[in-house]
Amino acid sequence: MPGNSSGVVAVERAVSLLEAFSELDYSLTLGELARRTELDKSTALRIARSLAKSSMLIRNDDGSWRLGPKLVRLGALYQSTFKTSAVVEPLLAEISDASGESAAIYVREGDARVCLHRHDSTQSIRHTARIGDTLPLDRGAPGRVILAFSGASGEIYDQIRERGFYATHGERDPQVASIAVPVFRDGHKLFGSMALTGPTPRFTDEAISKNLQILQVAARKLSAAMGGDPV
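Scope of this entry: the structure provided in the associated data block. Treat the numbers as computed from the prediction; the structure is a model and nothing was measured.

Concerning the packing of helix H5 (residues 85–99) against helix H8 (residues 205–225)
Relative orientation of the contacting elements H5 and H8 amounts to 170°, with a least axis distance of 10 Å. Judged by the angle between their axes, H5 and H8 are roughly antiparallel. Residue-level inspection shows Val87, Val88, Leu91, Glu94, Ile95, Ala98 and Ser99 of H5 in contact with H8, the latter providing Lys210, Asn211, Ile214, Leu215, Ala218, Lys221, Leu222 and Ala225. Residues that form the contact of H5 with H8 fall into these classes: 10 nonpolar, 2 polar and 3 charged.

Put into structure tokens, the structure is as follows:
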């Protein structure tokens, strides 16, 4: 139906406008928004004005645009559905300090994984992701672990289930290595994966062995806090 089709397109364009912002952008001009979304300026302006009505975008005095407070509320609501912040955030800080690498929790959303919680390493060279980032399930240790303990078939997933962890060097990004373990809730129900990530040169066999022990202890603590039974 033409009406439904046009409605879907409008939603997709609105989402693309919001996703045009990066963590480095306090605000963007209309021209830059149009360039990043590949929309003409008049269309970008019309959508921006619509988003501003619900406080998803704010127009600055100079005519540029920034993300609005409604997104903060929606993000908080999303995180609150898991009700894990009080336990997870100190735990991620602890394992990041112990390993020297960035620590994160990923959960599955459809065919992707989402960074739900994050604590960045204090080292000058580190891997950085943002809370809310959506990444592939089939590239990188966190996604592979989620697939394995969600019942994915294949030799690689059989091995992950048998070993209880997975480590990668440059599988998703040539410069990034990661190691991940599963986290459970309510018995054997998979919650997501806990991961340590950093530059590939730092993930030697010795470092992986050390970081695996750190992760396993933390994952058991988190699983127990959520009523899970770590396997």
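Quick word on the pattern of salt bridges
This structure, assessed with the given rule, holds 9 salt bridges. Among the ionic pairs, aspartate 158 bridges to arginine 161, the shortest N-O distance being 2.7 Å. Here aspartate 158 and its partner arginine 161 are both found in helix H7 (residues 155–163), 3 residues apart, which amounts to about one turn of the helix. Judged by relative accessible area, which is 30%, arginine 161 ranks as partly exposed.

A few points about unusual backbone geometry
If you check the backbone angles, glutamate 38 has positive phi at about 60° while not being a glycine. Owing to a relative accessible area of 73%, glutamate 38 belongs among the exposed residues under this scheme. Although it is not a glycine, serine 55 sits at a positive phi angle of roughly 65°. With respect to the helices and strands, serine 55 occurs in the loop between helix H3 (41–53) and strand S1 (57–59). Look at serine 55 and you get partly exposed, because its relative accessible area is 28%.

Calculation notes
- Residues numbered from 1 in each chain as written.
- Predicted model: local features only at pLDDT ≥ 70, side-chain atom pairs only at ≥ 80, totals over all residues.
- Heavy atoms only, no water.
- Axes fitted to C-alpha atoms, helices over the stretch in contact; angles between N-to-C directions.
- Helix = DSSP H or I, 4+ residues; strand = E, 2+ residues; numbered from the N terminus.
- Parallel < 35°, antiparallel > 145°, perpendicular 65-115°, else oblique.
- Contact = heavy atoms within 4.5 Å.
- Nonpolar A, V, L, I, M, F, W, Y, C, P; charged D, E, K, R; others polar.
- Salt bridge = Lys/Arg side-chain N within 4 Å of Asp/Glu carboxyl O.
- Buried < 20%, exposed > 50% of the residue type's maximum accessible area, 1.4 Å probe, protein only.

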